[in-house]
Amino acid sequence: ILGLMFAGAVIILGRWRGVGAIAGLAASMLVIVAFTLPAILDGSNAVTVAVVTASVIAFLALFLAHGFDHATAVALIATLASLVLTALLAWIFVGASSLTGFTDDTSFLLAGLNQGIDPRGILLAGIVIGSLGVLDDVTVTQAATVQELYEADPRVGRVTLAGRAMNVGRSHIAATVNTLVLA
């Protein structure tokens, strides 16, 4: 019931973009169930699988929700670059903090099954895929902001446009710090 209420609210408020967002969410779940989980269970490198998963999800979700235009393409490129950086930083910090990926009985059960599933890899994969929502938010909002600023004054110079966009971007990052840490 809550899922239906959520989908209804998204569609009512977002109209066709809401429909696209729900379609992107459904596609995301399909990618995770049909590709990610089987690949990890087959012993594939969880971080590589997560980066591929997040890249496919980003492509599907962004274009389904926001349409095929330049702003979405720029947001996708920024999201993919940010995903690679996120994976690298997660790998460094998980290693430096000696996190093992063993969090509860399920983690130990997976290790006990001796199927080649690395709990640390699962942790890193979760960080990468989990960060996608925040990255999507930041990159799409920033690309849309630049487009709107330009459309409001097409005569604005590139330097002025970039400066205004950076001001908005800084505010957005400052407002997203809590979300990034909590995610």
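Structure: see above.
Residues numbered from 1 in each chain as written. Predicted model: local features only at pLDDT ≥ 70, side-chain atom pairs only at ≥ 80, totals over all residues. Heavy atoms only, no water.

## Here we look at the side chain of T36
- Within the secondary structure layout, T36 lies in helix 1 (residues 2-41).
- When residues no more than four places from it in sequence are discounted, the contact partners of T36 are V31, V49, T53 and I129. (Helix = DSSP H or I, 4+ residues; strand = E, 2+ residues; numbered from the N terminus. Contact = heavy atoms within 4.5 Å.)

## Looking at helix 2 (residues 46-66)
- Here helix 2 contains 21 residues, and its C-alpha end-to-end distance of 29 Å stays within 8% of the 30 Å for a straight helix at 1.5 Å per residue.
- Tucked inside the fold, the buried residues of helix 2 contact helix 1, helix 3 (70-96) and helix 5 (119-152).
- Regarding helix 2, its N-cap is N45, as a side-chain oxygen of that residue lies 2.9 Å from the backbone nitrogen of V47 further along.
- Trailing helix 2 by a residue or two, G67 shows a phi angle of about 85 degrees, which is positive. (Expected span 1.5 Å × (residues − 1). Polar contact = N/O pair within 3.5 Å; in protein donor to acceptor, adjacent residues only side chain to side chain.)

## Here's the deal with the layout of surface pockets
- Within this model, the second largest pocket holds a volume of roughly 380 Å³.
- Considering every element that reaches the lining of the second largest pocket, the biggest residue donor is helix 1, with 10 residues.
- Here the lining of the second largest pocket is built from residues that sort into 14 nonpolar, five polar and one charged. (1 Å grid on protein atoms, 1.4 Å probe; cavity = no way out; pocket = protein on both sides within 12 Å on 5 of 7 lines; lining within 4 Å. Points joined across faces, edges and corners; volume = space filled by probe spheres on them. Nonpolar A, V, L, I, M, F, W, Y, C, P; charged D, E, K, R; others polar.)

## Regarding a nonpolar patch on the surface
- Together, L85, L88, L89, W91, I92 and F93 make up a nonpolar patch on the protein surface, roughly 640 Å² of accessible area in all.
- Along the chain, L85 turns up in helix 3.
- What makes L85 partly exposed here is its relative accessible area of 48%. (Patch = residues over 30% accessible without salt bridge, like charges linked within 9 Å, V, L, I, M, F, W, Y side chains within 5 Å. Areas by Shrake-Rupley, 256 points an atom, 1.4 Å probe, with all protein chains shown as cover. Salt bridge = Lys/Arg side-chain N within 4 Å of Asp/Glu carboxyl O. Buried < 20%, exposed > 50% of the residue type's maximum accessible area, 1.4 Å probe, protein only.)

## Digging into helix 1
- Relative to the 58 Å expected for 40 residues at 1.5 Å per residue, helix 1 spans just 30 Å between its end C-alpha atoms, considerably shorter than the ideal helical length.
- Its axis deflected by about 140 degrees at R15, helix 1 carries its strongest bend there.
- Here helix 1 has its buried residues at A7, G18, G20, G24, A27, S28, V31, T36, A39 and I40. (Bend = angle between axes of the 7 residues up to and from the residue.)

## Brief notes about the pattern of salt bridges
- Evaluation of the coordinates by the stated rule reveals one salt bridge.
- D153 is the salt-bridge partner of R155, the closest N and O atoms lying 3.8 Å from each other.
- Assessed through its relative accessible area of 24%, D153 is described here as partly exposed.

## A look at the packing of helix 3 against helix 5
- At a closest axis distance of 7 Å, the pairing of helix 3 and helix 5 adopts a crossing angle of 145 degrees. When you trace helix 3 past helix 5, the crossing you get is right-handed.
- Residue composition of the contact of helix 3 with helix 5, grouped by class: 16 nonpolar, seven polar and two charged. (Axes fitted to C-alpha atoms, helices over the stretch in contact; angles between N-to-C directions. Left-handed = near helix turned anticlockwise from the far one by under 90°.)

## What to know about the packing of aromatic side chains
- Taken as a whole and judged by the stated rule, the model has two aromatic pairs.
- With centroids separated by 5.0 Å and ring planes inclined at 65 degrees, the aromatic side chains of F59 and F63 adopt a geometry described as edge-to-face. Taken together, the residues F59 and F63, both in helix 2 and four residues apart, mark about one turn of the helix.
- The partly exposed category is assigned to F59, whose relative accessible area is 42%.
- Aromatic rings pair up to connect F59, F63 and F68 into one cluster. (Phe/Tyr/Trp six-rings, centres within 6.5 Å; stacked < 30°, edge-to-face > 60°.)

## Looking at the nonpolar core
- Core analysis: the biggest nonpolar cluster contains 27 residues, and I40, A54, L76, L83, L124, V128 and L132 have the highest contact counts within it.
- At nine residues, the largest contribution of residues to this core is made by helix 2.
- In this view, L124 contacts V47, A90, W91 and V94; residues no more than four positions away in its chain are not counted. (Core = buried A, V, L, I, M, F, W, Y, C linked by side-chain atoms within 4.5 Å.)

## Section: the packing of helix 1 against helix 2
- It is at 8 Å that the axes of helix 1 and helix 2 come closest, and there the two elements cross at 160 degrees. When the axis of helix 1 is compared with that of helix 2, the two are roughly antiparallel. Read as a crossing pair, helix 1 and helix 2 show a hand that is right-handed.
- Residue composition of the contact of helix 1 with helix 2, grouped by class: 17 nonpolar, six polar and one charged. (Parallel < 35°, antiparallel > 145°, perpendicular 65-115°, else oblique.)

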